[in-house]
Amino acid sequence: LRAAEAMATMVSLHDPDFMRGHDAARDDAFTGLGVFWEHNWTADGPVPRTVRAAWQNKVAAQIEGYVRQLHADAAGRLSSLIATQNDRKRFFVFNPLGWIRTDAADLVCTGGEDLHVHDLAAGTDVPHQFITKSGTRHLRILAHDLPAVGYKVYEIRPGSGDAPRDAAATVDVRTGTIENSRIKLVLDTVGAIASFVDKTRGDVELAATIDGLKLNSLAAGEGQGKPVEVESTGPVSITLRCQSTSVRKHTTRVTVYRDSPRVDLANEINENFGDVRHWSFSFNLDSPDVHCEEVGAIINVKKKSDGGHYADRNARYQYATLNHFCDIADGLNQRGVTLSNWDCAFVRLGRSTPQALDTATPQLHVLAGGQVDGDNLGIRSQNGGEYFLQRFALRPHGNYDPVVAMKFALEHQNPPVADAVTGDTDAPLAARQASLIRVSDPGVLLWSLKPAEERIDHGVIARVWNVADSPAKAYLIFLPGVADARRVTHIETDLEPAEFQERELRTSLARQEIQTFRLIPSEVTRTGL
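Residues numbered from 1 in each chain as written. Predicted model: local features only at pLDDT ≥ 70, side-chain atom pairs only at ≥ 80, totals over all residues. Heavy atoms only, no water.

**Side note on the packing of aromatic side chains**
- In total, this model carries nine aromatic pairs according to the counting rule given.
- Considering the side-chain rings of Phe-30 and Tyr-66, the 6.1 Å spacing of their centres and the 80° angle between planes classify their relative orientation as edge-to-face. Pair noted here: Phe-30 is in helix α2 (residues 23-35) and Tyr-66 is in helix α3 (residues 49-81), with a separation of 36 residues, a long-range link.
- Given a relative accessible area of 26%, Phe-30 falls into the partly exposed group.
- Exposure remark for Tyr-66: the relative accessible area of 4% places this residue in the buried category.
- Look at Phe-91 and Tyr-154: their rings are 5.6 Å apart centre to centre, the planes differ by 20°, and that puts the pair in the stacked class. On the criterion of sequence distance, the pair formed by Phe-91 in strand β1 (residues 90-95) and Tyr-154 in strand β7 (residues 150-158) is long-range, its members being 63 residues apart. Residue Phe-91 shares its accessibility class with Tyr-154, and that shared class is buried.
- Chaining the aromatic ring pairs together yields one cluster made of Phe-36, Trp-37, Trp-41, Tyr-319 and Phe-346. (Phe/Tyr/Trp six-rings, centres within 6.5 Å; stacked < 30°, edge-to-face > 60°. Helix = DSSP H or I, 4+ residues; strand = E, 2+ residues; numbered from the N terminus. Buried < 20%, exposed > 50% of the residue type's maximum accessible area, 1.4 Å probe, protein only.)

**Comments concerning a nonpolar patch on the surface**
- A contiguous nonpolar patch, built from Val-171, Val-173 and Val-230 and spanning about 190 Å² of accessible area, is present on the exposed surface.
- Its place among the elements puts Val-173 in the loop between β8 (170-172) and β9 (177-179). (Patch = residues over 30% accessible without salt bridge, like charges linked within 9 Å, V, L, I, M, F, W, Y side chains within 5 Å. Areas by Shrake-Rupley, 256 points an atom, 1.4 Å probe, with all protein chains shown as cover. Salt bridge = Lys/Arg side-chain N within 4 Å of Asp/Glu carboxyl O.)

**So, the environment of Ile-514**
- By the secondary structure assignment, Ile-514 is in strand β37 (residues 514-521).
- Given the relative accessible area of 22%, Ile-514 is considered partly exposed.
- With 446 residues separating them along the chain, Ile-514 and Arg-68 place their C-alpha atoms 27 Å apart.
- Leave out the neighbours within four places in its chain, and Ile-514 touches Gly-296, Arg-463, Val-464, Trp-465 and His-490. (Contact = heavy atoms within 4.5 Å.)

**Comments concerning the sheet that holds β37**
- Taken together, five strands build an open sheet; the order of strands is β30-β31-β37-β33-β34 and the sheet is antiparallel. The open sheet is flanked by β30 (444-451) and β34 (494-497), the only strands paired with a single partner. For this sheet the average axis-to-axis angle between neighbouring strands, irrespective of direction, equals 30°.
- Relative to strand β31 (residues 460-466), β30 runs antiparallel, the two sharing seven bridges. If you follow Leu-445 over to β31, its bridge partner there is Trp-465.
- Set on the sheet, helix α1 (residues 2-12) makes contact with β30 and β31; between it and β30 the angle comes to about 60°. (Pairing = 2+ DSSP bridges. Axes fitted to C-alpha atoms, helices over the stretch in contact; angles between N-to-C directions.)

Here's what the structure looks like:
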């Protein structure tokens, strides 16, 4: 949704009617987002659980349908608005996030492999390889310095080019070892990580085995899976595949990137289950300190009497809400790991129970599914579902920083968008790169950017979140320029004029404060973007 809305904003500035036809689906999707979780945990409302489950599947399909269609339409229209200057095949890579980033990007690709990829803005060749995702062949590149809420254009040229072609990491499938310049992992055959070494901090070991559970364990005491396989390899990334029928039939893909500390985990459970299951992560960290992003806040998961944010009484401690990330550091705040969570919703700390919060055991259990309150409450056996995709990423770090943790999670969960460039020489968007908005303070994150609900003639809605633990002053630099700016509620009701000068909107935010603005753009020109 974040990428779809950001692309739709850039498109709508040049095609004001772009959002027409999406209104009804958008309204259904946003209504669905507001009601999906109501009584979800217990499913004990006035209707049978099977009816509740069917309704939730319907709501989820409406949300996903709107997002997928808007994403596809926005990417396709953006393709036609980017100028091109020759007949060579070009494609854009769009970054929906509000800061410059370097990441892998995947383009659906057919044709031969005797080629190289050239970054038109930087004037350099970039590493590339071919991978297969969901049965479709893709060209994967390492895209450097993608602009904030913007794109770079790449050209596919014949021949080998100058980019590195050595593998992104070394692999020994016999031992399950994969290693790049930043990290070293040892996997077992069921997809759990037995060793996670941070090479940049003195080869410190971050993985542990607690109660028989490692990192990314589905159950204690799992048997053996099939031998570890290399699914794809190249100068951008290497992916190992682990398959097992032990406990539950599941497949885990572990991806490591060139010169990056990030480890991507894509877990698939390939059968129905009715018991309670978790993906468990055990860490070699003393006196653990855990932070989770809940709903619009980053919480220290300790009781208030222990210096945290949880109530000392009248509280349920078995699970914490898990949104984009959960971070665990040692008590001295010298080392730790950020866990990015793409698909799941709840995490249990160590051996916590509804009555007791365990803050001593360095272990996180992410709920994969099940009726946590027994058979009398909740939807039975996942309503018959037989396929579950649950994705995570790990990043080792020194001291805990909420800004860095959130940026890591957002980059993992919002991959760059790649699509062909189809514009002609007169298309309005720049042929090499463009950016739409920037935020001056690195701790203030652009949370979303979208056309106003009444469409672009009512402005662009920008939401920012000061993720840092201290107040901030920030400038929002809107590259088309600002003719007017207003502070609005989170449901886009105007509140008061906002301070702005030319292209900049200026604001002050308290720690962890979220603010929303309506930006009325100045005349949009090709040079402005």
